[in-house]
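Observations on the three-dimensional arrangement
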Amino acid sequence: KKIIGLSLSATLIISIGYVALEPAIVSAVADSATVTASVTEEISITSPTDATMSATIPGMTGNPGAPVTASLTWTVKTVNATGFAMVIKSSTTPSMKLDATYYFDDYTPAAAGTPDYSWSQPAASAAEFGFTVEPATAADTVASFLDNASACNTGATQTADKCWSNVTSGDTSIINRTTNTTSSGEAEVVKFQAESNARFLKEGSYVATITVTATMN
């Protein structure tokens, strides 16, 4: 009896130990991991067709009170999350010229560094060439080209054909966008005007070479 009793006790202990230590077996398990791809920022800009002013200008009587116009459109695309900034400059001073003797002076705003809300006619015997900017998204306009319906560099409106300034050989900031564009991009329009108030200008083609640069923020 003692021998049998000991054998049963040993068998019961071994059985209980096996159940306690046996690994769990289930029908399915799940786990997850990530795969990451890094996309870098890029920017592109179109090259517009060269523009010609809307009309010819008489070389002696000029076109006082009737400035001729032209425009160039650059489309900028970027995936940069903080957008881009755009500046404009001319290759020469003054910007629009035939040669060293015959040229249009760069437009002169009433207050240096602040665009004029309305284009001002040049003085007698003077001729001037200037520009304004009309971004695809008005909110992207830099502060100096925004207006309050009567003056520039104040307010939050971007009124068409207002806020005229001079193109210089140094960079002038015109656009600052703070988000990426769509895949269609942003068509940024720069408008130009030229007016002669009876300045004596030799006949020929007066040319201004304009460069804009878009840089990711």
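Anyway, here's the lowdown on the structure attached to this text.

Conventions we followed
- Residues numbered from 1 in each chain as written.
- Predicted model: local features only at pLDDT ≥ 70, side-chain atom pairs only at ≥ 80, totals over all residues.
- Heavy atoms only, no water.
- Helix = DSSP H or I, 4+ residues; strand = E, 2+ residues; numbered from the N terminus.
- Buried < 20%, exposed > 50% of the residue type's maximum accessible area, 1.4 Å probe, protein only.
- Contact = heavy atoms within 4.5 Å.
- Areas by Shrake-Rupley, 256 points an atom, 1.4 Å probe, with all protein chains shown as cover.
- Disulfide = S-S within 2.5 Å.
- Phe/Tyr/Trp six-rings, centres within 6.5 Å; stacked < 30°, edge-to-face > 60°.
- Core = buried A, V, L, I, M, F, W, Y, C linked by side-chain atoms within 4.5 Å.
- Pairing = 2+ DSSP bridges.
- Axes fitted to C-alpha atoms, helices over the stretch in contact; angles between N-to-C directions.
- Salt bridge = Lys/Arg side-chain N within 4 Å of Asp/Glu carboxyl O.

Digging into the overall build of the chain
Within the chain, the secondary structure is distributed over 1 helix and 9 strands. Listing the helices and strands of the chain from first to last along the sequence gives α-β-β-β-β-β-β-β-β-β. When burial is assessed residue by residue, the chain has 34% of its 217 residues classed as buried. Taking contacts inside the chain between residues at least 6 apart in sequence as the whole, the part at least 24 apart equals 79%. As presented, the chain carries roughly 12,900 Å² of accessible surface, and 57% of it is formed by carbon and sulfur atoms.

Brief notes about the state of the cysteines
Under the defined criterion, the tally for this structure stands at 1 disulfide. The residue that forms a disulfide with Cys152 is Cys163, at a sulfur-sulfur distance of 2.1 Å. Between Cys152 and Cys163 the disulfide shows an S-S torsion of about -105°. By sign, it is left-handed. Of this pair, Cys152 sits in the loop between β6 (127-134) and β7 (172-177) while Cys163 is found in the loop between β6 and β7, placing the two residues 11 residues apart along the sequence. Residue classification places Cys163 among the buried positions, given a relative accessible area of 1%.

A few points about the packing of aromatic side chains
Within this structure, the stated rule accounts for 5 aromatic pairs. Taking the centre distance of 5.6 Å and the plane angle of 5° together, the rings of Phe129 and Phe192 count as stacked. On the criterion of sequence distance, the pair formed by Phe129 in strand β6 and Phe192 in strand β8 (residues 186-196) is long-range, its members being 63 residues apart. Phe192 sits in the buried class, given a relative accessible area of 4%.

Thoughts on the nonpolar core
Counting 31 residues, the largest nonpolar core has Met86, Ile174 and Phe192 as its most contacted members. The element that contributes the greatest number of residues to this core is strand β2 (residues 68-78), accounting for 5 residues. Excluding residues within four positions of it along the chain, Met86 makes contact with Ile45, Trp74, Val76, Thr172, Ser173, Ile174, Ile175, Glu188, Val212, Thr213 and Ala214.

Quick word on the sheet that holds β7
Strand order in the open sheet formed by 3 strands is β7-β3-β9, and the pairing between neighbours is antiparallel. Two strands close off the open sheet at either side, each with one partner strand: β7 and β9 (210-216). Across the sheet, the axes of successive neighbouring strands diverge by a mean angle of 20°, strand direction being ignored. By the bridge criterion, 5 bridges tie strand β3 (residues 84-90) to β7 in an arrangement that is antiparallel. Among the inter-strand pairings, Met86 is bridged to a residue of β7, identified as Ile175.

Brief notes about unusual backbone geometry
In this structure, Pro94 follows Thr93 across a cis peptide bond, with omega equal to -5°. Considering the arrangement of structural elements, one finds Pro94 in the loop between β3 and β4 (96-97). Phi is positive for Cys163, close to 65°, though the residue is something other than glycine. The phi torsion at Ala198 lies on the positive side, around 65°, for a residue other than glycine. Looking at where Ala198 falls in the secondary structure, it is placed in the loop between β8 and β9.

Some points on the environment of Gly113
Mapped onto the elements of the fold, Gly113 is located in the loop between β5 (103-106) and β6. According to the relative accessible area criterion, Gly113 is exposed, its value standing at 69%.

Here's the deal with the sheet that holds β6
Strands in a sheet are paired, the pairing made by backbone hydrogen bonds, and the direction either parallel or antiparallel. The strand order across the open sheet built from 6 strands is β1-β2-β8-β6-β5-β4, with neighbouring strands paired in mixed fashion. Of all the strands in the sheet, just β1 (43-45) and β4 have a single pairing partner and so form its edges. Taken together, the 3 bridges between β1 and β2 define a ladder with antiparallel strand orientation. Residue pairing across strands places Ser44 opposite Lys77, the latter belonging to β2.

Some remarks on the pattern of salt bridges
Tallied over the entire structure, the rule returns 5 salt bridges. Residues Glu186 and Arg177 are paired through a salt bridge, measuring 3.5 Å at the closest nitrogen-oxygen approach. Each member of the salt-bridge network shares a partner with another, and the members are Glu134, Asp161 and Lys191.

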